[in-house]
Amino acid sequence: MTATEPLVVGGKELHAAVVNENQARVAAGLTMALGAVAFVYANFDKLFWPIRTVSAFFLVDFLARVTAGLERSPTGLAAGWLTHRQPPQWVSAKPKRFAWTIGVAMALTMTVVTNSGVHGALPRTICLICLTLMWLEAVLGLCLGCELYALMVRRGWRGKDDAFEICANGACDLDR
């Protein structure tokens, strides 16, 4: 495929940016594993530097995904290397970028909370929500941020979007 040839997926010509779903799911698995280890140290050993460090790393990683793309984020690079032998499964980048923006917000919140010395229910709850969202993406292929984006488009809360073409699990189908 050259730069002038459009990408065709399932007989449909795509015009907007796309993301490799396999790479996105592996990146979610990598972040989930890092987050789970940091959570265990904080929750059971009362050792908080790992969760502070991982929260700040996630902030940088998700900011890179939103601004430069998955393939330029640290976990995206690792995920790309791990999935380079699999054929790509292309999905629209816009819903993923929306989901990663939610990740930025949660990582920013965790970075501020954990580096401010707050321990207890608030950081635990935020962390468990993040881990659940990453697990759903990595294991089940269910991107709740993408689903939320699709719901907003279907309800008219976001205008018609030409960058909303093809999504995993039919999330882009507006007739649901």
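Structure: above.
Note that the structure is predicted; figures quoted are calculated from it, not measured.

The rules behind each value
- Residues numbered from 1 in each chain as written.
- Predicted model: local features only at pLDDT ≥ 70, side-chain atom pairs only at ≥ 80, totals over all residues.
- Heavy atoms only, no water.
- Helix = DSSP H or I, 4+ residues; strand = E, 2+ residues; numbered from the N terminus.
- Axes fitted to C-alpha atoms, helices over the stretch in contact; angles between N-to-C directions.
- Parallel < 35°, antiparallel > 145°, perpendicular 65-115°, else oblique.
- Contact = heavy atoms within 4.5 Å.
- Phe/Tyr/Trp six-rings, centres within 6.5 Å; stacked < 30°, edge-to-face > 60°.
- Buried < 20%, exposed > 50% of the residue type's maximum accessible area, 1.4 Å probe, protein only.
- Lys NZ or Arg CZ within 6 Å of the ring centre and 35° of its normal.
- Salt bridge = Lys/Arg side-chain N within 4 Å of Asp/Glu carboxyl O.
- Disulfide = S-S within 2.5 Å.

Visitor: Lay out the environment of Thr53 in plain terms, naming residues and giving numbers.
Guide: Locating Thr53 in the fold gives a position in helix H2 (residues 49-68). Spatially, the C-alpha atom of Thr53 lies 8.2 Å from that of Thr111, the residues being 58 residues apart in sequence.

Visitor: An account of the packing of H2 against helix H3 (residues 74-82) is requested, with residue identities and associated values reported.
Guide: Viewed as axis vectors pointing N to C, H2 and H3 meet at an angle of 70 degrees, and their least axial separation amounts to 7 Å. One finds that H2 runs roughly perpendicular with respect to H3. Of the residues in H3, those in contact with Phe57, Asp61 and Arg65 of H2 are Pro74, Thr75 and Gly76.

Visitor: Describe the environment of Gln86, with residues and values.
Guide: Mapped onto the fold, Gln86 is located in the loop between H3 and strand S4 (90-92). Spatially, the C-alpha atoms of Gln86 and Asn22 are 8.0 Å apart, while their sequence positions differ by 64 residues.

Visitor: With reference to specific residues and values, describe the packing of aromatic side chains.
Guide: For the structure on display, the rule yields 3 aromatic pairs. Consider the rings of Phe57 and Phe58, whose centres lie 6.2 Å apart with planes at 50 degrees: the pair is tilted. You can call Phe57 partly exposed: its relative accessible area is 29%. Of the aromatic side chains, those joined through ring pairs into one cluster are Phe57, Phe58 and Phe62. Across from the ring centre of Phe62, 4.5 Å away, lies the NZ or CZ of Arg65, which sits over that ring.

Visitor: Just give me the short version of the pattern of salt bridges, but keep the residues and values in it.
Guide: For the structure on display, the rule yields 4 salt bridges. Residues Glu21 and Lys96 are paired through a salt bridge, measuring 2.8 Å at the closest nitrogen-oxygen approach. Of the two residues, Glu21 sits in helix H1 (residues 21-44) while Lys96 sits in helix H4 (residues 93-115), which places them 75 residues apart along the sequence. Each of Glu21, Lys96 and Glu137 takes part in salt bridges that share partners, so that together they form one network.

Visitor: Describe in detail the state of the cysteines, supporting the description with residues and values.
Guide: Here is the idea: a disulfide is a covalent bond, and it sits between the sulfur atoms of two cysteines. Following the criterion strictly, the structure yields 1 disulfide and no others. Between the sulfur of Cys143 and that of Cys146 lies a disulfide, 2.4 Å long from S to S. Because the sign of the S-S torsion sets the handedness, a value of about 70 degrees for the bond joining Cys143 and Cys146 places this disulfide among the right-handed ones. Residue Cys143 is classed as buried on the basis of its relative accessible area, which comes to 10%. Given a relative accessible area of 7%, Cys146 falls into the buried group. A disulfide-free cysteine, Cys127 has its sulfur positioned 6.4 Å from the sulfur of Cys130, the nearest such atom. Cys130 sits in the buried class, given a relative accessible area of 16%.

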